[in-house]
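Below are the chains, spelled out letter by letter.
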Amino acid sequence: MAIYLLADVGSTWTKLTAVDSKGNIVGQASAPTTVKTDIMEGVDAALREVRLQTGRKEDSIYACSSAAGGLAMIACGLVPELTGEAARLAVLGAGAKVLRVFGYNLNEDDLREIEALRPDILLLAGGTDGGNKKILLENAQALADMVSPLPVVLAGNRNAARQGAEILEATGFSVKITGNVMPELNRLDIEPAREAIRTLFLSHIVKAKGMEAFSRHLAAPLIPTPAAVLAAGKLLAAEMGELLLVDIGGATTDVYSYGGIETPPGMVRKGLLPPWDMRTVEADIGMRYSLSSLVEQAGRDLLAGAPQREQWQQELDKLLACPERLVSPGLEGLEVTLARAAVKIAVQRHAGTLERIYTPAGPTDILSGKDLRRMKTVIGVGGVLVNSPDPIGILTMDREGLLPENPKLMLDSKYIMAAAGLLAGTAPEAARRMLADSLAAL
Amino acid sequence: MATIVLGVIGSDVHAIGNKILEYAFTEAGFKVVNLGVLTTKKEFVQAAIETDARAILVSSLYGHGEIDCRGLREMCIEAGIGDILLYVGGNLVVGKQEWEPVRDKFLAMGFDRVFPPATMPDEAIALLKQDLGVS
């Protein structure tokens, strides 16, 4: 039976999982990611261990990576709520980190900032098809004049795309033209841009030493880790119906939703129709490196009503001072409270809004963005949940706004989401089996 | 093909006339970006920017048109599309009022054309073609 090796080269750990063609896990090992020397050192160390477990060499290797900070991008659009937002969603959906989103004409400060941030890829959008051309051409010219060459995915008004690309290419930018992220007003079409970003990720983003050599061993292109998670969730949603996935990390909290784009009868939908499979990342909501902003966002009554409030406050201060620290035994409740706040804030930001307005014809509800109320399942991902004594407490959300109303709660108990996503395209049956083994109902 | 932005402004949910206008202007050869009912001034302006529209056609059927439409021209100027054509039509004010003062009020607000109740689409289409210099 064939053995697939699935590698997740993270910023701190390189995690390898070997599965057979049915999706049974036959080996697992991890080693510190060796990003400073050559990432192959860490991969080889883990690989040797996995091969000892399986007793033989694997047949094919698939990999995703978030090493060296992952894929960092900047998005430019015209109106921030329209093509700016479409560009942002495309970048997030490709599994990249959004450094900045710019709207309207790039000014000198913006260009200086782009030069300083040096994104891996810049997504240039603006104008609907047949709509505004000026912004795309002027921003292309400004970038060409003021910024050193970068890989650019150009996903704006198709009537200006070629000309915009030529302006950039003249000064040495490499440009990939793809479909407009918003071909018509309020209609998103981000899959072509996502695909182009994932392709460029491989051909241009060889930041970590050894990554290029590693990618030559792969059976499919290396993809950003969040793109693998997105693919795994998509596979699950095809089977289980509308679902929400929350990945709580030390620095960020990622939310993925599948569905929630229908407009309930009697409501009026406004603004962009969000993508069916949508990813958002909260860079200021995390359990360690972003703890101070999480605590700030959660508000003053975060610890209100806590049974050991003073002890918790002291412990929280220690965690804030030292992000590497583990919560002291007996105070796990604090971690639950923090993680619960992270879930609530991240999901609230992912969800859309519902506003009741009073018209002469009676009250009318205006819906914008994602409606998560009918999500059947909420799946928790991440060490915080797996190691928590109370994952239910973390994932349970109050019924308010557009948050899930009565979801089944589940846990990715073996932290298998990214690995399974790597197999979603080539061996969906095996991927499903891996997910089924890992998902635990709460 | 000229792009136009169409919508019903404010807290107004009258959808039928809006659909008829979308149909009529599309048939007449315009690319219609229809924002539908309950449209804010900001949405009209943003849509016009992104689609490079040459005219914004505002409907108001519930009598609050005067309050809802005030400031639309100024917002366009502020957003860099101050030259765009602005049309408005419908039951713009409460009750039966004399037409001329109502029209003048909206012209003073910066609208290029103001249409009384029961105007047929053809009339507005002919004027729009004339104003845009298209046939």
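The structure presented is a predicted model; accordingly, all values stated were derived computationally and were not measured.

A. Local environment of the nonpolar core. Among the nonpolar cores identified, the biggest contains 175 residues, and A86(A), A90(A), L123(A), A232(A) and V5(B) are the most heavily contacted of them. Residue contributions to this core peak at 9 residues, all from helix α8 (residues 225-240) of chain A. Here A86(A) is in contact with G77(A), A125(A), V181(A), M182(A), L188(A), I190(A) and L272(A), once residues within four sequence places are set aside.

B. Here's a closer look at unusual backbone geometry. The phi angle at Y104(A) is positive, at roughly 60°, despite the residue not being glycine. With respect to the secondary-structure elements, Y104(A) resides in the loop between β6 (97-102) and α3 (108-117). Positioned with a positive phi, D52(B) is a non-glycine residue whose angle comes to about 55°. Mapped onto the secondary structure, D52(B) falls in the loop between α2 (41-51) and β3 (55-60).

C. Highlighting the environment of L243(A). All names here are of chain A. Relative to the assigned elements, L243 resides in strand β11 (residues 243-248). Using a count of 25 C-beta atoms within 10 Å as the deciding quantity, one classes L243 as buried. Residues L243 and T178, spaced 65 residues apart in sequence, show a C-alpha to C-alpha distance of 29 Å. Leaving out residues up to four positions away in the same chain, L243 has contacts with G233, L236, A237, Y258, M375, K376, T377 and I379.

D. Spotlight on the sheet that holds strand β5 (residues 113-115) of chain B. All names here are of chain B. Taken together, 5 strands build an open sheet; the order of strands is β2-β1-β3-β4-β5 and the sheet is parallel. Of all the strands in the sheet, just β2 (31-34) and β5 have a single pairing partner and so form its edges. Taken over all neighbouring pairs, the strand axes of this sheet differ in orientation by 20° on average, direction set aside. Bridge count between β3 and strand β4 (residues 85-90): 6 bridges; the pairing is parallel. Bridging from a neighbouring strand, S59 pairs with G89 of β4. Where helix α1 (residues 16-27) meets the sheet, its contacts fall on β1 (3-8), β2 and β3, and the angle it forms with β1 comes to roughly 170°.

E. Up close: the pairing of strand β7 (residues 121-124) of chain A. Residues and elements named next belong to chain A. Of the two faces of β7, the one holding I121 and L123 and the one holding L122 and L124 are both buried throughout. As defined by bridge partners, strand β5 (residues 72-76) adjoins β7 across 4 bridges and the pair is classed as parallel. Bridge assignment links I74 to a residue of β7, and that residue is L122. Of the strand pairs in this sheet, β7 and strand β8 (residues 151-154) are connected by 3 bridges, and their pairing is parallel. Paired with L122 across the bridge in β8 is V152. Between the parallel pair β7 and β8, the chain is carried across by helix α4 (residues 134-146), and the sense of this crossover is right-handed.

Criteria and thresholds
Residues numbered from 1 in each chain as written. Chains lettered and ligands numbered in written order. Predicted model: local features only at pLDDT ≥ 70, side-chain atom pairs only at ≥ 80, totals over all residues. Core = buried A, V, L, I, M, F, W, Y, C linked by C-beta atoms within 7 Å. Buried ≥ 20, exposed ≤ 12 C-beta atoms within 10 Å, placed from the backbone. Helix = DSSP H or I, 4+ residues; strand = E, 2+ residues; numbered from the N terminus. Contact = placed C-beta atoms within 7 Å. Pairing = 2+ DSSP bridges. Axes fitted to C-alpha atoms, helices over the stretch in contact; angles between N-to-C directions. Right-handed = clockwise from strand over helix to strand, strands pointing away.

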